[in-house]
Amino acid sequence: MALIQTTRIRVGSPATAVAAHLFGVIAVILMLVWVFHYRGGIDLDSQDSERVFNVHPFLMIFGFIFVIGEALIAYKTIPADHVGQKTCHSILNLIAFIIGVIGIYAVFKYHDRAQISDMYTLHSWLGITTICLFGLQWVFGFLSFWLPVTRGSARARIAPWHASFGVCIFVMAICTAEMGLAEKFIFSGLTGGNQANVINATGYMIFLFAVSVILTVV
Ligand code: HEM
């Protein structure tokens, strides 16, 4: 009987992690092309309010979504022992939170400059909820998995909840970012063309990044 060799890509395998890195990096590059080539760049202190706004999508996609995704798959991708992986996971998530807060500060500053009212869209409601839940999840994770007051048996019970909530908050962040892209597309009055393609491709890559991250961690 002929021996048929097949290449199998397992869920949770290094292949899905590699795909996640790849789609994440492409999404970040596309975001850079969008804000620098089409929208005049990023500057939190600029007199041009659009450049202040641009800080928001850039930090939310590069600093928040990409870094959270990398933090989620750290247990599969970082060649270290459990404590080393846990340290990377916690530090990456903390960095993502800090950058996320700066990214949200940027859009509040933009609204202030452009005299636009705050929190009037579903995107902004979901966005604030996501960043608050993310902060709470980090604090709760720190108390549960770093402080010696939590016993091993309690940690084992909390771990699956922590992981499940982590994935849910990541999905919320992805939905919020996709909504933000669609919103800006419409606000900019685009009806096609290269800039529209760049925005759509960014959103598509974020979607593929999310799928690869989730397949890696399940
Ligand atoms: C997880 C990622 C994101 C979070 C948590 C988030 C969060 C927020 C929040 C809280 C606001 C409200 C600010 C205010 O009312 O003053 C906002 C506004 C805005 N964001 Fe995002 N955002 C994210 C990603 C993005 C992305 C990728 C874009 C793409 C361009 C974007 C576009 C916008 C726009 C156009 C506004 C102003 C209009 C509005 O309030 O909805 N956001 N965002």
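Residues numbered from 1 in each chain as written. Predicted model: local features only at pLDDT ≥ 70, side-chain atom pairs only at ≥ 80, totals over all residues.

What follows is about the overall build of the protein. Helix and strand content of the protein: seven helices and zero strands. Seen in sequence order, the protein has helices and strands lined up from the N terminus as α-α-α-α-α-α-α. Along the longest, intermediate and shortest principal axes, the C-alpha atoms of the protein span 60 × 60 × 25 Å. Counting only residues that meet the buried cut, the protein has 32% of its 218 residues in that class. For the protein, contacts bridging at least 24 residues in sequence account for 74% of all contacts bridging at least 6. (Helix = DSSP H or I, 4+ residues; strand = E, 2+ residues; numbered from the N terminus. Buried ≥ 20, exposed ≤ 12 C-beta atoms within 10 Å, placed from the backbone. Contact = placed C-beta atoms within 7 Å.)

Turning to the packing of helix α5 (residues 122–145) against helix α6 (residues 152–187), a few remarks are in order. The geometry of a pair of packed helices is captured by two quantities: the angle between their axes and the separation between those axes. The contact between α5 and α6 brings their axes to 9 Å, and the two run at 155°. Taken together, the axes of α5 and α6 are roughly antiparallel relative to one another. The chirality of how α5 crosses α6 is left-handed. Counted by class, the contact of α5 with α6 contains twelve nonpolar, ten polar and two charged residues. (Axes fitted to C-alpha atoms, helices over the stretch in contact; angles between N-to-C directions. Parallel < 35°, antiparallel > 145°, perpendicular 65-115°, else oblique. Left-handed = near helix turned anticlockwise from the far one by under 90°. Nonpolar A, V, L, I, M, F, W, Y, C, P; charged D, E, K, R; others polar.)

A few words on the site of the ligand. In the vicinity of the ligand lie 27 residues, with D118, T121, S124, G127 and G180 positioned nearest. Broken down by secondary-structure element, the contributors of at least two residues to the shell around the ligand are α2 (49–72), α4 (82–113), α5 and α6. Within the shell around the ligand, the residues separate by chemical class into 15 nonpolar, nine polar and three charged. (Near = placed C-beta within 6 Å.)

Positionally, G63 belongs in helix α2. Between the alpha carbons of G63 and G100 there is a distance of 6.6 Å; along the sequence they are 37 residues apart. Setting aside residues up to four positions removed in sequence, G63 forms contacts with A96, I99, G100 and G103.

Before going further, it helps to examine the nonpolar core. Ranked by internal contacts, the top residues of the largest apolar core, which has 46 residues, are A27, I61, I65, I68, I206 and V213. Every element with two or more residues in this core is listed here: α1 (14–38), α2, α4, α5, α6 and α7 (194–217). Considering each element in turn, this core owes the most residues, 14 residues, to α2. In this structure, I206 is in contact with A27, I61, I65, I174, A177 and E178, ignoring residues within four places of it in sequence. (Core = buried A, V, L, I, M, F, W, Y, C linked by C-beta atoms within 7 Å.)

For α4, built from 32 residues, the straight-helix expectation of 46 Å at 1.5 Å per residue is met to within 8% by its first-to-last C-alpha distance of 46 Å. Burial in α4 covers these residues: H89, N93, A96, F97, G100, G103, A106 and V107. On its buried side, α4 packs onto α2, α3 (74–77) and α5. Following α4 by one or two positions, Q115 adopts a phi angle in the positive range, close to 50°. (Expected span 1.5 Å × (residues − 1).)

This brings us to the environment of G135. In this fold, G135 is placed in helix α5. Considering only alpha carbons, one finds G135 and V101, 34 residues apart in sequence, at a separation of 9.8 Å.

The next point concerns α7. The end-to-end C-alpha separation of α7 is 35 Å, in line with the 34 Å expected for 24 residues at 1.5 Å each. Those residues of α7 lying buried are I199, T202, G203, M205, I206, F209, A210, S212, V213, I214, T216 and V217. Elements that come into contact with the buried residues of α7 comprise α1, α2, α3 and α6.

Moving on, we get to the environment of R157. Within the secondary structure, R157 sits in helix α6. Look at R157 and you get exposed, because 10 C-beta atoms sit within 10 Å. Distance in space between the C-alpha atoms of R157 and E50 is 47 Å, their sequence separation being 107 residues.

Attention now moves to unusual backbone geometry. Unusually for a residue other than glycine, Q115 sits at a positive phi of about 50°. Relative to the elements of secondary structure, Q115 occurs in the loop between α4 and α5. The phi torsion at M119 lies on the positive side, around 55°, for a residue other than glycine. Among the structural elements, M119 can be located in the loop between α4 and α5. Under the C-beta neighbour-count criterion, M119 is labelled exposed, with 11 such atoms within 10 Å.

No statement about biological role is implied by the geometric values presented.
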